[in-house]
Amino acid sequence: MYVDPPAPRPRERDETPPAAPSGPLDSPQRAWEFNPDYQRLVLAWNTVLPQLETLRMALDKAYSLAKSPQTWDAPVGERYVQDIREWRTRLAVYRHSVLTAISDEAADTPRWIPTTANAPHAFQ
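If you're wondering where the values come from, they're calculated on a predicted model, not measured in any experiment.

Q: Help me understand the packing of helix 1 (residues 36-67) against helix 2 (residues 77-108), please; the structure alone is not making it clear to me.
A: How two helices sit against one another is set out by the angle between their axes and by the gap between those axes. Put simply, helix 1 and helix 2 touch, their axes get as near as 10 Å, and they point 170° apart. Regarding the angle of helix 1 to helix 2, the classification is roughly antiparallel. Taken together, the residues of the contact of helix 1 with helix 2 sort by class into 21 nonpolar, 1 polar and 9 charged.

Q: Would you mind going over the pattern of salt bridges with me for this structure?
A: Oppositely charged side chains can form a pair if their charged atoms are brought close together. For the structure on display, the rule yields 9 salt bridges. R95 is the salt-bridge partner of E53, the closest N and O atoms lying 2.5 Å from each other. In this pair, E53 sits in helix 1 while R95 sits in helix 2, placing the two residues 42 residues apart along the sequence. Its relative accessible area of 13% is what places R95 among the buried residues. A salt bridge links D60 to R88; the shortest N-O distance between them is 3.0 Å. In this pair, D60 is assigned in helix 1 and R88 in helix 2, connecting sequence segments 28 residues apart. A relative accessible area of 31% places R88 in the partly exposed class.

Q: Is there a simple way to think about the environment of R85 in this case?
A: Among the secondary structure elements, R85 is positioned in helix 2. Of the residues examined, R85 reaches a relative accessible area of 34% and is grouped as partly exposed. As for R85 and D60, which are separated by 25 residues in sequence, their C-alpha atoms are 9.0 Å apart. Within the structure, R85 has its side chain in polar contact with the side chain of Y63 (distance 3.3 Å).

Q: I'm lost on helix 2 in this one. Help?
A: Each α-helix winds once per 3.6 residues, and so residues spaced three or four apart point in a common direction. Taking 1.5 Å of rise per residue, 32 residues should cover 46 Å, and helix 2 covers 47 Å from first to last C-alpha, within 8% of that figure. Every buried residue belonging to helix 2 is among G77, V81, I84, L91, R95, V98, L99, T100, I102, S103 and A106, and all of these are buried. Contacts from the buried residues of helix 2 go to helix 1.

Q: Sorry, what's going on with the environment of E105 here?
A: Here E105 is to be found in helix 2. Since its relative accessible area comes to 37%, E105 is described here as partly exposed. In the structure, E105 is positioned 67 residues away from Y38 in sequence and 8.6 Å away in space, judged by C-alpha atoms. In this structure E105 touches R40 and L41, once residues within four positions along its chain are discounted. For E105, the side chain forms a polar contact with the side chain of R40, separated by 3.1 Å.

Thresholds applied
- Residues numbered from 1 in each chain as written.
- Predicted model: local features only at pLDDT ≥ 70, side-chain atom pairs only at ≥ 80, totals over all residues.
- Heavy atoms only, no water.
- Axes fitted to C-alpha atoms, helices over the stretch in contact; angles between N-to-C directions.
- Helix = DSSP H or I, 4+ residues; strand = E, 2+ residues; numbered from the N terminus.
- Parallel < 35°, antiparallel > 145°, perpendicular 65-115°, else oblique.
- Nonpolar A, V, L, I, M, F, W, Y, C, P; charged D, E, K, R; others polar.
- Salt bridge = Lys/Arg side-chain N within 4 Å of Asp/Glu carboxyl O.
- Buried < 20%, exposed > 50% of the residue type's maximum accessible area, 1.4 Å probe, protein only.
- Polar contact = N/O pair within 3.5 Å; in protein donor to acceptor, adjacent residues only side chain to side chain.
- Expected span 1.5 Å × (residues − 1).
- Contact = heavy atoms within 4.5 Å.

What follows is the structure, given as structure tokens:
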């Protein structure tokens, strides 16, 4: 069984952008915005996870029914149980790879990016 990687965190209500430099003259002040690419990863995670859970629950239900002695009365039933077991394994690997890809990209994507909108600038 695989453990889900860390999920990208959505922007919290009281979250603020990175702190400004120590003094106003050290470097130009910047305006920050929450990175839309990071928000896209949060949305992807929240969209994919329920769908993968639905698939997992459907396969788990089919597996439990297939293992039940009331379902199969013939030796051929074991073949179906093995097939469903293989599907569950493949789904677990697929789930892990999809969630890891989203998590890895989120780890490499900054949460806040500088923007020039409403940024203070020197008079020219």
